[in-house]
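Architecture at a glance
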Amino acid sequence: MNSSIRPARPADLDAVCAIAQDAPLAGHWSRAQYESEIGSGLGLFAVLEEDETLGFFILRRVEAEAQLVDIAVRSRDRGRGLGRDLLAAAVAGARSWSSSKMTLEVSAANEPALRLYRAAGFRIVGRRPKFYNDRSDAILMDLLLA
Ligand SMILES: CC(C)(COP(=O)(O)OP(=O)(O)OC[C@H]1O[C@@H](n2cnc3c(N)ncnc32)[C@H](O)[C@@H]1OP(=O)(O)O)[C@@H](O)C(=O)NCCC(=O)NCCS
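My aim in this report is to walk through the structure given alongside it, one point at a time. This one's a predicted model, so the numbers in the text were calculated from it and none came from an experiment.

Next up on the list: the site of the ligand. In the vicinity of the ligand lie 22 residues, with Arg78, Gly83, Pro112, Arg115 and Leu116 positioned nearest. When contributions to the shell around the ligand are tallied by element, the ones reaching two or more residues are β4 (65-73), α3 (82-96) and α4 (111-119). The biggest single contributor to the shell around the ligand is α4, with 6 residues. Partitioned by chemical class, the residues of the shell around the ligand number 12 nonpolar, 4 polar and 6 charged.

In this section: α3. The first and last C-alpha atoms of α3 sit 21 Å apart over 15 residues, in line with the 21 Å expected at 1.5 Å per residue. Every buried residue of α3 is listed here: Gly83, Leu86, Leu87, Ala90, Val91, Gly93 and Ala94. All buried residues of α3 lie within an arc of 155° about the axis, which places them on one face of the element. For α3, the exposed residues set more than 90 degrees away from the buried face come down to Ala92 and Ser96. Serine 98 occupies a position one or two residues after α3 and carries a positive phi of about 60°.

Pairing within the open sheet is mixed, and its 7 strands lie in the order β1-β2-β3-β4-β5-β7-β6. In this open sheet, the two strands that pair with only one neighbour each are β1 (4-7) and β6 (123-128). Ignoring which end each strand starts from, the neighbouring axes of this sheet average 25° apart. Along the sheet, α3 contacts β1, β2 (43-49), β3 (53-62), β4, β5 (101-107) and β7 (138-144); its crossing angle with β3, the most-contacted strand, is approximately 25°.

One non-glycine residue, glutamate 63, lies in the positive phi region at around 50°. Within the secondary structure layout, glutamate 63 lies in the loop between β3 and β4. Glutamate 63 gets classed as exposed once you count the C-beta atoms within 10 Å, which come to 7. At lysine 130, a residue that is not glycine, the phi angle is positive and equals roughly 50°. Here lysine 130 lies in the loop between β6 and β7. By C-beta crowding, lysine 130 is classed as exposed, having 11 other C-beta atoms within 10 Å.

Relative to the elements of secondary structure, valine 62 occurs in strand β3. A tally of 11 C-beta atoms within 10 Å means that valine 62 is categorised as exposed. Spatially, the C-alpha atoms of valine 62 and phenylalanine 131 are 22 Å apart, while their sequence positions differ by 69 residues.

Within the largest apolar cluster, 34 residues are counted, with the highest numbers of intra-cluster contacts made by Ala46, Phe56, Phe57, Leu59, Leu68, Ile71 and Ala90. Looking at which element gives the most residues to this core, the answer is β4, with 6 residues. With residues near it in sequence (within four places) discarded, leucine 68 still touches Phe57, Leu59, Ala90, Met102 and Leu104.

Definitions and cut-offs
Residues numbered from 1 in each chain as written. Predicted model: local features only at pLDDT ≥ 70, side-chain atom pairs only at ≥ 80, totals over all residues. Near = placed C-beta within 6 Å. Helix = DSSP H or I, 4+ residues; strand = E, 2+ residues; numbered from the N terminus. Nonpolar A, V, L, I, M, F, W, Y, C, P; charged D, E, K, R; others polar. Expected span 1.5 Å × (residues − 1). Buried ≥ 20, exposed ≤ 12 C-beta atoms within 10 Å, placed from the backbone. Arc of directions from axis to C-beta. Pairing = 2+ DSSP bridges. Axes fitted to C-alpha atoms, helices over the stretch in contact; angles between N-to-C directions. Contact = placed C-beta atoms within 7 Å. Core = buried A, V, L, I, M, F, W, Y, C linked by C-beta atoms within 7 Å.

Below, the structure is given as structure tokens:
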């Protein structure tokens with residue numbers, strides 16, 4: 001099925017909140033926080049759509065860096081390449097800003113996400129022990145773009 005990735009709109013918020021709720025190891029924002037991200041000018045909030053909204057990412061521009069704040073795919077649509085497509089679109093967004101690097105934080109317990117990032121060329125640059133509520137470490141990763 002054809003999928004497209006485009007900027008998020010208010011009509012995507014129900015789907016975005018449902019996808020985030022079904023992703024225990026991802027970020028957890030309130031609906032109001034997602035809503036305020038739309039058109040905030042802080043970066044890029046994009047969704048992947050087929051006939052429905054199936055995934056999203058939030059990328060923030062912070063000086064010369066692009067921070068991947070969150071990325072998630074609806075649980076029953078995982079494992080068919082949509083996360084890779086979303087990450088590629090986020091990297092393209094960071095490149096379009098001429099960011100020197102893209103950074104992210106991920107739980108050491110989140111093996112699918114770690115593998116997705118490693119496969120895209122991200123390297124581990126740090127670790128925050130017992131950072132998350134489940135006491136898993138936060139792994140800091142980056143991808144050099146310059
Ligand atoms: C991480 C996530 C976005 C990946 O999305 P996805 O659509 O399932 O990923 P893809 O199908 O594009 O797979 C891309 C790569 O990710 C890795 N991957 C995906 N699912 C995996 C799994 N269950 N176990 C191990 N690796 C996995 C693999 O390296 C895979 O490449 P491969 O198929 O060549 O082996 C998805 O699992 C998700 O939404 N998780 C919940 C939210 C989350 O934790 N986000 C990260 C916040 S830091």
